[in-house]
Amino acid sequence: RLKRVGYTLSASWKQCGKSNRQFLKLPDLAKDLREVQMTIQKMVHFIYQLQHYVLFEVLECSWEKLENDIENHSIDLDSIIKSHTHYLKAIIEKGFLSGRKKNVLAYQLNYLFDCILKYKIVLDHLCIYADKETASKHNKYALDGGNRERLDKIRRQHQEIQSAFTTHVLQFLDALRSY
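Rules and cut-offs
- Residues numbered from 1 in each chain as written.
- Predicted model: local features only at pLDDT ≥ 70, side-chain atom pairs only at ≥ 80, totals over all residues.
- Heavy atoms only, no water.
- Helix = DSSP H or I, 4+ residues; strand = E, 2+ residues; numbered from the N terminus.
- Rg over C-alpha atoms; globule rule 2.2 N^0.38 Å.
- Contact = heavy atoms within 4.5 Å.
- Areas by Shrake-Rupley, 256 points an atom, 1.4 Å probe, with all protein chains shown as cover.
- Lys, Arg positive; Asp, Glu negative; His and termini not counted.
- Charge placed at Lys NZ, Arg CZ, Asp CG, Glu CD.
- Phe/Tyr/Trp six-rings, centres within 6.5 Å; stacked < 30°, edge-to-face > 60°.
- Buried < 20%, exposed > 50% of the residue type's maximum accessible area, 1.4 Å probe, protein only.
- Polar contact = N/O pair within 3.5 Å; in protein donor to acceptor, adjacent residues only side chain to side chain.
- Core = buried A, V, L, I, M, F, W, Y, C linked by side-chain atoms within 4.5 Å.
- Salt bridge = Lys/Arg side-chain N within 4 Å of Asp/Glu carboxyl O.

J.: Mind showing me how you'd approach the overall build of the protein here?
T.: Along the protein, the regular secondary structure elements total five helices and zero strands. Seen in sequence order, the protein has helices and strands lined up from the N terminus as α-α-α-α-α. At 22 Å, the protein has a C-alpha radius of gyration far larger than the 16 Å of a compact globule built from 179 residues. A principal-axis box enclosing the C-alpha atoms of the protein has dimensions of 80 × 30 × 20 Å. Considering only contacts in the protein between residues 6 or more positions apart, those separated by 24 or more positions represent 79%. Counting only carbon and sulfur atoms, one obtains 57% of the accessible surface of the protein, whose full area is about 11,300 Å². Considering the protein, the positive charge centre built from 28 side chains and the negative charge centre built from 21 side chains are found 7 Å apart.

This is the structure in structure tokens:
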């Protein structure tokens, strides 16, 4: 799921870059696009840090321990299987998939992943909105009542997801410190 969220964020970042160039003629959206970029940047930073932790702190360190156990302590197939079982258990526990950390940290991570995936939907709505405005106004941008309501709804969703993400990142970090 971490990889899926990372891929989604990469696609969002690319879409945001295209949108900035495409919607330069929509001055009312300039602030929204900057906020979107900042939010995506925060999400990308969090996901990259988490991927770094999983790849280097969990997998690589556990792999080194497995190699060391096999080289120094394994004399038969049973001892290799035992070392491998310990390796798998270490990965599962350090990756927040079992043990004491699972209940608190895995829940927080799943919520954060959900926030990121919901944010992608909000970004899609903003881009669709801007596309329609660009096409319908032919470079004469003015918001009427219905369009203003739709844009306000998108902005509210953006703020809700952004604040929820920030809150849960802080909660995740607090929970992580306790372990």
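J.: Could you clarify how one ought to interpret the packing of aromatic side chains in this entry?
T.: In this description, a pair of aromatic rings is defined by centroid distance and the angle of the planes. The tally for this structure, following the rule as stated, stands at three aromatic pairs. Relative to Tyr87, the ring of Trp63 lies with its centre 5.7 Å away and its plane at 75 degrees, an arrangement referred to as edge-to-face. Of this pair, Trp63 sits in helix 2 (residues 30–73) while Tyr87 sits in helix 3 (residues 77–94), placing them 24 residues apart in sequence. A residue is classified by how much of its surface remains accessible, and Trp63, at 43% relative accessible area, is partly exposed. A relative accessible area of 14% means that Tyr87 is categorised as buried. Taken together, the ring pairs connect Phe46, Phe165 and Phe172 into an aromatic cluster.

J.: Explain the environment of Thr39 here, please?
T.: When you line up the elements, Thr39 lands in helix 2. Taking the relative accessible area as the measure of exposure, Thr39 reaches 2% and is therefore buried. Remark: the alpha-carbon pair of Thr39 and Phe165, spanning 126 residues in sequence, is separated by 9.2 Å. A distance of 3.3 Å separates a polar atom in the side chain of Thr39 from a polar atom in the side chain of His158.

J.: Help me out: how do you make sense of the environment of Ser136 in this one?
T.: Relative to the helices and strands, Ser136 is located in helix 4 (residues 100–137). Each C-alpha atom of the pair Ser136 and Ile81 lies 66 Å from the other, and the pair is 55 residues apart in sequence.

J.: Looking at this structure, I do not really get the side chain of Lys120. What am I missing?
T.: Structurally, the position occupied by Lys120 is in helix 4. Relative accessible area serves as the criterion here: at 19%, Lys120 is assigned to the buried category. Beyond its immediate stretch of four places on either side in the chain, Lys120 contacts Thr8, Ser12 and Gln15.

J.: What is the right way to look at the nonpolar core in this model?
T.: Proteins that are soluble and globular tend to have nonpolar side chains buried together. With 38 residues, the main nonpolar core has Leu9, Ile40, Phe46, Ile47 and Phe165 as its most contacted residues. Looking at this core, the elements that each hand over two or more residues are helix 1 (2–22), helix 2, helix 4 and helix 5 (145–178). With 14 residues, helix 4 is the single largest residue contributor to this core. When sequence neighbours within four positions are dropped, the list of residues in contact with Phe46 reads Leu109, Leu112, Phe165, Val169 and Phe172.

J.: What is the right way to read the pattern of salt bridges from this model?
T.: Working definition: two side chains of opposite charge can pair if their charged atoms are close together. A complete count under the given rule lists seven salt bridges for this structure. A salt bridge links Asp32 to Arg155, with the nearest nitrogen and oxygen atoms 2.8 Å apart. One end of the pair, Asp32, is in helix 2; the other, Arg155, is in helix 5, with 123 residues separating them in the sequence. Note on Asp32: relative accessible area 10%, which makes it buried. Classification of Arg155 by relative accessible area gives partly exposed; the value is 24%. Shared partners join several salt bridges into a network, and the residues in it are Asp32, Asp152 and Arg155.

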